[in-house]
Amino acid sequence: MPTPILYSFRRCPYAMRARLAIASSGVTVHLREIVLRDKPQAMLDASPKGTVPVLVAETVVDESLDIMHWALAQSDPEGLLQVRPDTAAALIAESDGPFKTALDRTKYAVRYPDLDPAESRAAAAAFVAKLDAQLDGKPWLFGDRPSLADLAILPFVRQFAHTDLDWWTAQPFAHAQAWLAAFKESDRFRAVMTKYTPWKEGDAVVLFP
C-alpha cells in the first residue's frame, strides 16, 4: 500500500492536531506543507473544499478529527483513545463548537463588527475555566496520561492564548496555563512544529514523523 500523504499547514490548529495524532501513532506519512494562498492542485483534486489537513490514504480524509481517529486506529501506543472516550468526545465537541466560534470572534473581531469582542472572549474564557477546573491536581484532562481530548483541544487553547498573551497570563487559569505551557515546552510539540519548505510537484518526499 502506498504511503499516505498529509497536506498540512504548520500553524493551523486543525492540521496541528492531525500531526499530533499521527506522531503519537508512529504511522509514517508523506508530509506536504502548503501555502494557503497558493494551494497545490493535487490537494484540491483530492479535496475540493481546499482546507487543511487532508489525508490521502485508501480514501481521502479531510476532517482533522477523522484524521486523528484514522491514525490512532492504525496504532495507539499511548492509549489516547482509551482514556474516557465518551467524555473526551463530548469535550472535543464543545471545543470544536461553541469554544471555536467564540475564539474566532475574538481573534478575528474585525470580521464581526456587530459583536462585542469582549463578550466573545468571555465566552471562550468560560470554556477554558471549565478545562481549568478539570485539570485541578492533574497534568492532563483525565489524569496522569494524555487523551485524545488533550491533543485535539490544546492547539485551539494555544491559539486563544496567543490572541493576547498578556491577557492570558493575567487570568486565574493556573491549571490551564500550566497545561498549555507544558505542552508548548514539550518534545511532542516541538516534533510537530518543524518548519518545512512549501511543497510543489516534483519535490523530494518528506517523511513524517
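The structure under discussion appears in the preceding block.
On a predicted model such as this, the values are computed, not experimentally measured, just so you know. Here the residue index of a chain counts from 1 through its sequence in written order. Two thresholds apply to this predicted model, a pLDDT of at least 70 for residue-level local features and 80 or more for giving and counting side-chain atom pairs, whereas whole-chain, interface and lining totals are computed over all residues. Heavy atoms from the whole structure form the basis of all side-chain values; hydrogens and water molecules are not counted.

## Focus: the environment of alanine 170
Position of alanine 170 among the secondary structure elements: in the loop between helix H7 (165–169) and helix H8 (174–184). In this scheme, a residue with accessible area under 20% of its type's maximum is buried, one over 50% is exposed, and one in between is partly exposed, where area comes from a 1.4 Å probe on protein chains only. The exposed category is assigned to alanine 170, whose relative accessible area is 59%. It is 48 Å that separates the C-alpha atoms of alanine 170 and glycine 202, two residues lying 32 residues apart in sequence. Numbering of helices and strands starts at the N terminus; helices are DSSP runs of H or I of at least 4 residues and strands are runs of E of at least 2.

## Focus: the pattern of salt bridges
Salt bridge, as used here: a side-chain nitrogen of Lys or Arg that lies within 4 Å of a carboxyl oxygen of Asp or Glu. Taken as a whole, this structure holds eight salt bridges when the rule is applied. With its nearest N and O atoms 2.8 Å apart, the salt bridge here joins glutamate 78 to arginine 188. With glutamate 78 in the loop between helix H3 (64–74) and helix H4 (85–107) and arginine 188 in helix H9 (residues 187–192), this residue pair connects regions lying 110 residues apart in the sequence. Given a relative accessible area of 27%, glutamate 78 falls into the partly exposed group. Of the residues examined, arginine 188 reaches a relative accessible area of 21% and is grouped as partly exposed. Its salt-bridge partner being aspartate 203, residue lysine 200 comes within 3.3 Å of it at the nearest N-O pair.

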